[in-house]
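Summary of structural features
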Amino acid sequence: MQKKAAVDEAVVAAARETIEQAKGVVMLVYSVDAEQAFTILRAASQDTNVKVREIATSVVAELPDLGITPDLESVREALEDLLFGTRADTPRK
């Protein structure tokens, strides 16, 4: 039982870490604070019917491909595509 609890804690910690990373991306792109960033992630989750941790995993995984440039507007558009489903590879349920 203790091993399962330890594994569960590790899974939860990893999910939290990924969500924090995604929040950082959203904070950068939208120039918002952490609370507002989580609100955006939660809105994307509700809009797409995908768990926040799955949205966060997609954001973090796709970050290198979003084309980080000095032009934050382009990055914002790419992130919105990923978050709100205008891309074919956006997670949906």
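Note that the coordinates shown come from a computational prediction; the quantities given were computed from them, not determined experimentally.

**What about the overall build of the protein chain?**
Helix and strand counts for the protein chain come out as four helices and zero strands. For the protein chain, the sequential pattern of α-helices and β-strands runs α-α-α-α. When each of the 93 residues of the protein chain is scored for burial, the buried share is 32%. As presented, the protein chain carries roughly 5,900 Å² of accessible surface, and 55% of it is formed by carbon and sulfur atoms.

**Topic: the packing of helix 3 (residues 52-62) against helix 4 (residues 72-84)**
For the pair helix 3 and helix 4, the least separation of the axes is 10 Å and the interaxial angle reads 145°. The handedness of the crossing between helix 3 and helix 4 is right-handed. Residues Ile55, Ser58, Val59 and Glu62 of helix 3 touch helix 4, and the partners they reach there are Leu79, Leu82 and Leu83. Across the contact of helix 3 with helix 4, the residue classes break down as five nonpolar, one polar and one charged.

**As for helix 3**
Turning to helix 3, its buried residues number three or more, namely Val52, Ile55, Ala56, Ser58, Val59 and Glu62. Seen along its axis, helix 3 keeps its buried residues to an arc of 160°; they face one direction.

**Points about the pattern of salt bridges**
A complete count under the given rule lists one salt bridge for this structure. Put simply, lysine 23 and glutamate 20 hold a salt bridge, and the shortest N to O gap is 3.2 Å. Here the residue lysine 23 and the residue glutamate 20 both occupy positions in helix 1 (residues 2-30), the gap between them amounting to three residues, near one helical turn. With relative accessibility at 12%, the residue lysine 23 sits in the buried group.

**Some thoughts on the environment of glycine 85**
As for its placement among the helices and strands, glycine 85 is situated in the segment after helix 4. Residue glycine 85 is classed as partly exposed on the basis of its relative accessible area of 23%.

**Remarks on helix 4**
An α-helix turns once every 3.6 residues. As a result, residues three or four positions apart point the same way. The first and last C-alpha atoms of helix 4 sit 18 Å apart over 13 residues, in line with the 18 Å expected at 1.5 Å per residue. For helix 4, the complete set of buried residues consists of Val75, Ala78, Leu79, Leu82 and Leu83. Projected down its long axis, helix 4 carries its buried residues within an arc of 135°, all on one side. Once helix 4 finishes, glycine 85 follows within two positions and takes phi at roughly 90°, a positive value.

**Description of the nonpolar core**
One recurring pattern in soluble globular proteins is that nonpolar side chains are buried together. Grouped together as the largest cluster of nonpolar side chains are 22 residues, with contacts concentrated most on Val26, Tyr30, Leu41, Ile55, Val59, Leu79 and Leu83. Taken together, the elements giving at least two residues each to this core come down to helix 1, helix 2 (34-48), helix 3 and helix 4. The biggest single contributor to this core is helix 1, with six residues. Apart from the residues within four sequence positions on either side, tyrosine 30 is in contact with Ile40, Arg76, Leu79, Glu80 and Leu83.

What counts and how
Residues numbered from 1 in each chain as written. Predicted model: local features only at pLDDT ≥ 70, side-chain atom pairs only at ≥ 80, totals over all residues. Heavy atoms only, no water. Helix = DSSP H or I, 4+ residues; strand = E, 2+ residues; numbered from the N terminus. Buried < 20%, exposed > 50% of the residue type's maximum accessible area, 1.4 Å probe, protein only. Areas by Shrake-Rupley, 256 points an atom, 1.4 Å probe, with all protein chains shown as cover. Axes fitted to C-alpha atoms, helices over the stretch in contact; angles between N-to-C directions. Left-handed = near helix turned anticlockwise from the far one by under 90°. Contact = heavy atoms within 4.5 Å. Nonpolar A, V, L, I, M, F, W, Y, C, P; charged D, E, K, R; others polar. Arc of directions from axis to C-beta. Salt bridge = Lys/Arg side-chain N within 4 Å of Asp/Glu carboxyl O. Expected span 1.5 Å × (residues − 1). Core = buried A, V, L, I, M, F, W, Y, C linked by side-chain atoms within 4.5 Å.

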